[in-house]
Amino acid sequence: MLLTFNQEIQAADVERRMISGLIAPYNEIGNTSAGPIMFERGSITYADASQIKLLMQHQSDKPVGRAISFSDSTAGVYGSFRLSMSTRGQDALTLAQENLVSGLSVGVDVLASKPMGDYLLVTEAVLKEVSLVESAAFLSASVTDIAAARAELEAATSTKNTTIHTTIVEIETETESEEAVTTAPENTPEDTPVDTPVEAEKVEAARKIIRPSVLDSQRVRTPITSMGAYTEHKIKAALGNEDSKLYVTAADDSFSTNPAFSPTQYLAEFPTNTRFGTPAIDACSRGTLPASGMTINVPSLVTSAGGQAGVAPVVTVEAEAGAVANTGMVTEYLSGTISKYSGMNTISIELLERSDPNFYAELTAQLQNAYLKTLDTTVLAALISAGQYSSGCDADSDGIIEFASDSARKVYEATGYFANNYIANGSQWQLLMSATDTTKRPIYSASQPMNAGGLVQPGSIRGNVLGLDLYVDKNFTATTTIDDSAVILAPEAFTVYQSPTAYMSVNVVSNLQVQVAIYGYMATIAKMPKGIVKFNLN
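Every chain is numbered on its own, with residues counted from 1 as its sequence reads. Reporting of local features is limited, given that this is a predicted model, to residues whose pLDDT is at least 70; pairs of side-chain atoms are given and counted only at 80 or more, and all residues count toward the totals for whole chains, interfaces and linings. Each side-chain value is worked out from all heavy atoms of the structure, with water and hydrogens disregarded.

Enquirer: Is there a simple way to think about the overall build of the protein chain in this case?
Expert: Secondary structure is summarised from DSSP: a helix means a run of H or I of at least four residues, a strand means a run of E of at least two, and numbering begins at the N terminus for each. Summing up its helical and strand segments, the protein chain has 13 helices and 25 strands in all. Only protein chains enter the accessibility calculation, which uses a 1.4 Å probe. A residue is then buried if its area is under 20% of the maximum for its type, exposed if over 50%, and partly exposed in between. Considering the protein chain as a whole, with its 538 residues, one finds that 42% of them fall into the buried category. Throughout, a residue-residue contact means that at least one pair of heavy atoms, one from each residue, lies within 4.5 Å. Within the protein chain, residue pairs in contact and separated by at least 24 positions form 72% of the contacts whose partners lie at least 6 positions apart. Using the Shrake-Rupley algorithm and a 1.4 Å probe, accessible areas are obtained, with residue cover drawn only from the displayed protein chains. When the accessible surface of the protein chain is summed, it comes to about 28,000 Å², and 52% of that surface belongs to carbon and sulfur atoms.

Laid out in structure tokens, this is it:
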């Protein structure tokens, strides 16, 4: 059961583009999509915070930010989120700061619950997503402060600078001129200065009227609004342009203190399931690389000679007073090598200076596409290298059914996990779309055929085949329906560890040519090779 509920944002830090709040209160009844709900303390679990995106109104295709951290307390689960530099992210930040969109709505997958009269008590749930919404479901949550405003407000109210005082008094005089006139004492000689207490009174009153806005900023307005613009100014800075040096310095100075200028965020979310997507990577489980080191290790049970089971403690049935079997657990490490993936383009200075400005955006896009293709091809090769073959299958509809059913059995018996994903090359995709029953009606490509076996469409590389999620990948080495032309796997069997960003670098060589490079890091680990099954042609 999937629940969604929401509550008020508790802090909005505009300078750092951060918002935070109590996303899941404990021991409090709130109205959700499934009715009145109460969460037991400790009932909500969550995976890596970086994997949880911040959405707008639960629209999965419109992310506005990403979770930074979650923390558990007696009150509930608190979350902090950083909003993106995109137009949607800026709009969301403004709406949150102005208290127009003031709720954090959370979707959870309920694993265990029990009815408690007027409400449902949830005892175990998994956090799936968080969204910005208009209103709150839980009354205990409310806006407590706007973090970015505090320092500015304290500075404005504590300063003793005479010029600042004068400006404030002038503003107050314009807004409350009648009161200012009546405040002056009658019959005061023109050469007699107004008493200091009166001026101090005006300043104090002005402090109560004038408030700094959290949207005020003294930073340089940067033209770096996309990865293409960043590449353009990175190149111009390397060629000596002083303005571009300023913009790039602001962007590269410190990502921890200036996250809004971080240029790498434009590459953090590569397009997936498109012509230049990464279907093979999408079909696997994902992990985040550590900040240092070039090798990662994952603990695992030592497998037996047949590779079917690990050496784990054994439970046996014994007679009364019988001896207890003692079998020690044996573990080892599965290692993954972190590799750097990079590409470079050398361009003449004439092309850069005399071409259309859109060239920078296109150059960046092409480097990204090449980077994605290499990562996806590498993961496909690793899957095929690690997996086992299915029983022999024919290159027809019956063969597809045999491949899916045989693979599902093999994966479950060997790992205990279910085969969920089917990665196919273009030839198998064509075979699925052309498959018909005995009456010549399509099996997979029609919306409601009599004996539907799934949904496969010519306009999408995602679909469903016999209950398996289909991922069509053009990067297979096999181009026809032969050995290694498809892979069926349990996602838990293979994990891709990828750096959260790709990086751009620029170098100007002696002949004034410019080298633009992209690079990033990735490692893969086949945790359960028998959870990966390859197509085997008869």
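Still to come is the rest of the account.
Enquirer: Just to check I follow, could you spell out the nonpolar core for this structure?
Expert: As a rule of thumb, soluble globular proteins bury nonpolar side chains together. Within this scheme, the nonpolar core is defined by two criteria: the residues are buried Ala, Val, Leu, Ile, Met, Phe, Trp, Tyr or Cys, and they are joined through side-chain atoms within 4.5 Å. Of all hydrophobic cores here, the largest spans 36 residues; its most connected members are Val379, Leu383, Ile423, Leu489, Phe494 and Val516. Elements with a contribution of two residues or more to this core: α6 (227-238), α9 (279-282), β15 (339-347), α11 (358-386), β21 (486-489), β22 (494-498) and β24 (514-526). Per element, the largest residue contribution to this core is 9 residues, and it comes from α11. Ignoring sequence-local partners within four residues, the contact set of valine 516 consists of Thr231, Ile235, Gly343, Met344, Asn345, Ile347, Leu363, Leu367, Met504, Ser505 and Val506. Leu93, Val110, Leu120 and Val122 belong to the second largest nonpolar core, which has 31 residues in total.

Enquirer: Would you mind showing me how to read unusual backbone geometry here?
Expert: Outside of glycine, negative phi angles account for most residues, and trans bonds account for most peptide bonds. Despite not being glycine, alanine 321 shows a phi value in the positive range, around 65 degrees. Within the secondary structure layout, alanine 321 lies in the loop between β13 (295-301) and β14 (331-337). Phi angles above zero are rare outside glycine, and aspartate 484 is one such case at about 65 degrees. Relative to the assigned elements, aspartate 484 resides in the loop between β20 (468-472) and β21.

Enquirer: What is the right way to read the sheet that holds strand β16 (residues 388-389) from this model?
Expert: Remark on secondary structure: sheet strands pair via backbone hydrogen bonds, oriented parallel or antiparallel. Read across the open sheet, the 7 strands follow the order β16-β25-β21-β17-β20-β19-β18; overall the sheet is mixed. On the outer flanks of this sheet lie β16 and β18 (454-455), each paired with one strand and no other. Alignment of β18 against strand β19 (residues 462-465), held across 2 bridges, turns out to be antiparallel. Paired with glycine 454 across the bridge in β19 is valine 465. Note on geometry: axes are lines fitted to C-alpha atoms, helical ones only across the stretch in contact, with angles between N-to-C directions running from 0 to 180 degrees. Here helix α13 (residues 426-434) sits on the sheet in contact with β17 (421-424), β19, β20 and β21, set at roughly 110 degrees to β17. Paired strands are those between which DSSP finds at least two bridges.

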